[in-house]
Amino acid sequence: MMRFHVLTIFPGMFDSPLSLSIIARAQKQGLVEVNLHNIRDFTHDRHNTVDDYPFGGGPGMVMKPDPLFEGVEHVRESESLDENVPTVLMTPQGRQFNQRIAEDLSDLSDMVIICGRYEGVDERVRQNLVTDEISIGDYVLGGGELAAMVVIDAVARLIPGVVGSAESPANDSHTTGLLQHPLYTRPSVFRGMEAPDVLLSGHHAEITKWQRWEALRRTLERRPDMLESTELSPDDRRFLDELRDERERDD
Ligand code: ADE
């Protein structure tokens, strides 16, 4: 069981992603828990103020430190969280999220996630509350909520039992360090377009080889950078060399 403790000013944004599909099932099965905490509940003024003007001027607003500190402290105490449980800030300034980070996070029992908003959070939150900062890519969202949902989705499906063995993530793009091979389903001929014979042949070894080669082909075409950091067998290397030779001949 893994528990995500999310601090946000828009808990309602999480409703439909969490109430549908794989994550909904995982929560019902008790494999995943997502606890939403409204940052406004940790304010003490009449207007429940969570943001303020930046010192020194400049555009936009800054998330105040006090509701965030109180919110995280409340969650850590009320849930008796171990001091090793990370507090992650969703921000475009964080380390870029990927499958490896998702795998690492999926080993945790708990994770506190702060969804940033406005221009950003007071720097003291970064320095003295947060233990990790994650970005989901080089673009700016209206807030960290969608980014947090991306992380929760990617991490949750790696928790044993969340995704059935039939839908196993073992062959997913990125899990293997390669993009996934092309997929086909019925009908075998659709509007004159045929599925590859080998997939219908029943020769398991041949199918596995085809899938590996097509994954290599696709990765070479679309994400050659991934080939630098993935484990390749001598057969893989031979096949890639052939593909590169073919390409040079065609150029
Ligand atoms: N908040 C705004 N943009 C973001 C991004 N790209 N990743 C994580 N959090 C964000």
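Small disclaimer: the values here were computed from a predicted structure and weren't measured.

Trainee: Please give an account of the sheet that holds strand E3 (residues 51-52) that cites residues and values.
Mentor: In space, the three strands of this open sheet follow the order E3-E4-E7, with mixed pairing throughout. Either end of the sheet is taken by a strand with one partner, and the two such strands are E3 and strand E7 (120-121). Sheet topology places E3 next to strand E4 (residues 62-63); two bridges connect them, and they run antiparallel. Bridge assignment links Asp52 to a residue of E4, and that residue is Val62.

Trainee: Give a description of the domain arrangement of the protein chain that names residues and reports values.
Mentor: Annotation of the protein chain at the domain level lists domain 1 (2-156) and domain 2 (189-250). Here the C-alpha centroids of domain 1 and domain 2 sit 40 Å apart.

Trainee: I'd like a rundown of the environment of Pro59, residues and numbers included.
Mentor: Positionally, Pro59 belongs in the loop between E3 and E4. With relative accessibility at 68%, the residue Pro59 sits in the exposed group. Once residues lying within four places of it in the same chain are set aside, the contact partners of Pro59 are Pro54 and Glu119.

Trainee: How would you summarise the pairing of strand E1 (residues 2-8) if you had to cite specific residues and measurements?
Mentor: Most of E1 sits inside the fold, with seven of its seven residues counted as buried. Both E1 and strand E2 (residues 32-38) contribute to a ladder of seven bridges, which runs parallel. Looking at the pairing, Thr8 lines up with Asn38 of E2.

Trainee: Explain the packing of aromatic side chains to me, using residue names and the numbers behind them.
Mentor: All chains considered together, the criterion is met by one aromatic pair. Measuring from ring centre to ring centre gives 4.2 Å for Trp213 and Phe239, while their planes differ by 15°; the resulting arrangement is stacked. Residue Trp213 is found in helix H8 (residues 204-222), and its partner Phe239 is found in helix H9 (residues 234-250); the two are separated by 26 residues along the sequence. For Lys209, the ring lying beneath its charged end belongs to Trp213, and the centroid distance is 5.3 Å.

What counts and what doesn't
- Per chain, residue numbering runs from 1 following the sequence as it is written.
- Whole-chain, interface and lining totals are the exception, using all residues; otherwise, since this is a predicted model, local features are given only for residues with pLDDT of at least 70 and side-chain atom pairs are given and counted only at 80 or more.
- No hydrogens and no water enter the side-chain calculation; it runs on all heavy atoms of the structure.
- For two strands to count as paired, DSSP must find a minimum of two bridges between them.
- Helix numbers and strand numbers start at the N terminus; a helix is a DSSP run of H or I with at least 4 residues, a strand a run of E with at least 2.
- Residue ranges assigned to the domains are those given by an automatic or database domain assignment.
- The buried label goes to any residue with under 20% of its type's maximum accessible area, the exposed label to any with over 50%, and the partly exposed label to all in between, with areas taken from a 1.4 Å probe on protein chains only.
- Contacts are assigned to residue pairs with any non-hydrogen atoms lying within 4.5 Å of each other.
- A pair of aromatic rings is counted whenever rings of Phe, Tyr or Trp (Trp by its six-membered ring) have centres within 6.5 Å, and the orientation is called stacked for planes under 30 degrees apart, edge-to-face for over 60 and tilted otherwise.
- Working rule: Lys NZ or Arg CZ, within 6 Å of ring centre, within 35 degrees of ring normal, means a charge sits over the ring.

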